[in-house]
Amino acid sequence: MPLSYFKKRKGLKLSLNDPRWGSDKDGNRQAQEGKKPGEGPPDLDQLWRDFNQRLNGLFGNKNRNNGGGGGGGGGGELKGAGITVGAVATIAVLVWLASGAFIVQEGQKGIVTTFGRYSHETPAGFNWRWPYPFQANETVNVSQVRTVEVGYRTNVRNKQAAESLMLTDDENIIDIQFAVQYRLSDPKAWLYNNRDAEDTVRQVAETSIREIVGKSKMDFVLYEGREKVAFETQQLMQQILDRYASGAMVTNVTMQAVQPPEQVQAAFDDAVKAGQDRERQKNEGQAYANDIIPKARGFAFRLQQEAEAYRSMVTENALGNADRFKAVLVEYQKAPAVTRDRMYLETMQQIFANTSKVMVDAKAGSNLLYLPLDKLIAQVAATEANRSNISAPPPSAVLLPPPENTMSSTDPRRDSNRARESSRDRESR
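First things first, this report covers the structure right here in the doc. (Residues numbered from 1 in each chain as written. Predicted model: local features only at pLDDT ≥ 70, side-chain atom pairs only at ≥ 80, totals over all residues. Heavy atoms only, no water.)

1. With respect to the nonpolar core
- Of all hydrophobic cores here, the largest spans 35 residues; its most connected members are Ile174, Ile176, Phe178, Val180, Ile209 and Met255.
- Secondary structure elements with two or more residues in this core: strand 6 (146–150), strand 10 (173–184), helix 7 (197–214), helix 8 (218–222), helix 9 (226–244) and strand 11 (248–259).
- For Ile209, the residues in contact, after removing those within four places along its chain, are Met166, Ile176, Phe178, Val229, Thr233 and Met255. (Core = buried A, V, L, I, M, F, W, Y, C linked by side-chain atoms within 4.5 Å. Buried < 20%, exposed > 50% of the residue type's maximum accessible area, 1.4 Å probe, protein only. Helix = DSSP H or I, 4+ residues; strand = E, 2+ residues; numbered from the N terminus. Contact = heavy atoms within 4.5 Å.)

Pasting the structure below:
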């Protein structure tokens, strides 16, 4: 019971500082330490009074119990206690309401749920929601470029064979390691439509590239088709993620390593070298063909042109000879004897102009004839060199038989008689 009660009822005039009661500080210390003041139990009223005094001291209350009596002491204490409880409750409510404030950074979006169900999105900046347990919030970074690795983890040397080994269209096994970069386009779908969104993206990437590689040849995937395979994989991934409503948008697919399995790497290198040698030989053959075929075509065209020129020459010569023969025929019809003599003389002139001649004196009466064959052969060789355009070489020498009579070839009478006889013979023909 409080001390004021004893003062009123029994008229006790004991001071609070009486050593029989002990001081307030000693009582508080003993109560805090769990000790009993004197022989009785701890004074709970004293503990409550000390607590109220401390709270009143915090809020500026100057009404303290100084030991002076009166009936108003208990009412002041109750009023102070009510004010204290109200203040504490107000502070607790303010703290509870302040716990609903949150800040969303730039490039992020806030997701607010009401009793665990999606409520709305909040933009970047300062936002407020109803505190727990009514509402909760979660921030999602929508500007960050996320990366998922397929076939390896962190480093290409840390391979994941179960993900990287794939079968091609020509029934070959190939080892592919690649990375997928993506961003979040729908935070709500990313959080609530799939249980493990990042693992879903990895599985979709593996499924997509297996489908693309399964439709392609091994050489195409290894060499010229890398970029095409990556592009088609990105498109197929986006289609599947859209069907799953995952809220992710694929931005890039990067091929890290595309190679045959390590177990057959040496044999594959040998096959590649053989293929390169084949291509090199094909290129050399093509270069030789490109060099020889134009030359052959040019040579054939030149032969055609020469043949055309020869044909034109022979045709023109024949036409000229025919025209010449016609002209000679007209003159022959006018004067046959003169024309025959002239033709004979011109023919003999042409023959003897290009022929070595040997004159034999029949008067010597010797049957042994000496012919300078070495000089004749040298003369014929020089003549053939000068007449390179003529196809048929002329005879090297013409041996005239000796006349039946023994008349000298220098006799003028013999020459005139022979000329007359020849003209008569031609006229008789």
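Following the structure, the description resumes.
2. Section: the side chain of Thr339
- In this fold, Thr339 is placed in helix 11 (residues 336–353).
- In this structure Thr339 touches Val328, Glu331 and Tyr332, once residues within four positions along its chain are discounted.

3. Topic: a nonpolar patch on the surface
- A surface patch of nonpolar side chains, about 830 Å² in accessible area, is lined by Trp96, Ile103, Phe115, Phe126, Trp128, Trp130 and Phe134.
- Mapped onto the elements, Phe134 comes out in the loop between strand 4 (125–128) and strand 5 (135–141). (Patch = residues over 30% accessible without salt bridge, like charges linked within 9 Å, V, L, I, M, F, W, Y side chains within 5 Å. Areas by Shrake-Rupley, 256 points an atom, 1.4 Å probe, with all protein chains shown as cover. Salt bridge = Lys/Arg side-chain N within 4 Å of Asp/Glu carboxyl O.)

4. Thoughts on the packing of helix 10 (residues 265–334) against helix 11
- Relative to each other, helix 10 and helix 11 sit at 135°, their axes nearing to 6 Å. Looking at the two axes, helix 10 sits oblique to helix 11. Facing helix 10, whose interface residues are Arg324, Val328, Glu331, Tyr332, Gln333 and Lys334, helix 11 presents Pro336, Thr339, Arg340, Met343 and Glu346.
- Residues that form the contact of helix 10 with helix 11 fall into these classes: four nonpolar, two polar and five charged. (Axes fitted to C-alpha atoms, helices over the stretch in contact; angles between N-to-C directions. Parallel < 35°, antiparallel > 145°, perpendicular 65-115°, else oblique. Nonpolar A, V, L, I, M, F, W, Y, C, P; charged D, E, K, R; others polar.)

5. A short note on the side chain of Asp175
- If you trace the backbone, Asp175 turns up in strand 10.
- You can call Asp175 buried: its relative accessible area is 5%.
- Among the polar contacts listed, one links the side chain of Asp175 to the side chain of Ser164, at a separation of 2.9 Å.
- Once residues within four sequence positions are removed from consideration, Asp175 is found in contact with Lys159, Ser164, Leu165, Ala257, Val258, Gln259 and Pro260. (Polar contact = N/O pair within 3.5 Å; in protein donor to acceptor, adjacent residues only side chain to side chain.)

6. Considerations on the packing of aromatic side chains
- If you walk through the whole model with that rule in mind, you get five aromatic pairs.
- Look at Trp128 and Trp130: their rings are 5.1 Å apart centre to centre, the planes differ by 65°, and that puts the pair in the edge-to-face class.
- According to the relative accessible area criterion, Trp130 is partly exposed, its value standing at 45%.
- Here the aromatic cluster, defined as three or more aromatic residues joined through ring pairs, consists of Trp96, Phe115 and Phe134. (Phe/Tyr/Trp six-rings, centres within 6.5 Å; stacked < 30°, edge-to-face > 60°.)

7. Brief notes about the environment of Asn194
- Locating Asn194 in the fold gives a position in the loop between helix 6 (187–192) and helix 7.
- Judged by relative accessible area, Asn194 falls into the buried class, the value being 17%.
- Taking the C-alpha atoms as reference points, Asn194 and Gly247, 53 residues apart in sequence, are found 9.5 Å from one another.
- With sequence-adjacent residues up to four places away left out, Asn194 is seen in contact with Ala189, Thr200, Tyr244, Ala245 and Ser246.

8. Brief notes about helix 9
- Look at helix 9: 27 Å from first C-alpha to last across 19 residues, which is about the 27 Å you get at 1.5 Å a residue.
- Among all positions in helix 9, only Val229, Ala230, Thr233, Leu236, Met237, Gln238, Ile240 and Leu241 are buried.
- Tucked into the core, helix 9 has its buried residues touching strand 10, helix 7, helix 8 and strand 11.
- Just downstream of helix 9, Ala245 is the residue with a positive phi angle, here 55°. (Expected span 1.5 Å × (residues − 1).)

9. Looking at the sheet that holds strand 2 (residues 108–114)
- Taking strand neighbours across the sheet as the criterion, the three strands line up as 3-2-5 in an open arrangement whose pairing is antiparallel. Every interior strand has two partners, whereas the edge strands, strand 3 (117–122) and strand 5, have only one. Across the sheet, the axes of successive neighbouring strands diverge by a mean angle of 30°, strand direction being ignored.
- Sheet analysis places strand 2 next to strand 3, joined by five bridges and oriented antiparallel. The residue of strand 3 that forms the bridge with Thr114 is Arg117. (Pairing = 2+ DSSP bridges.)

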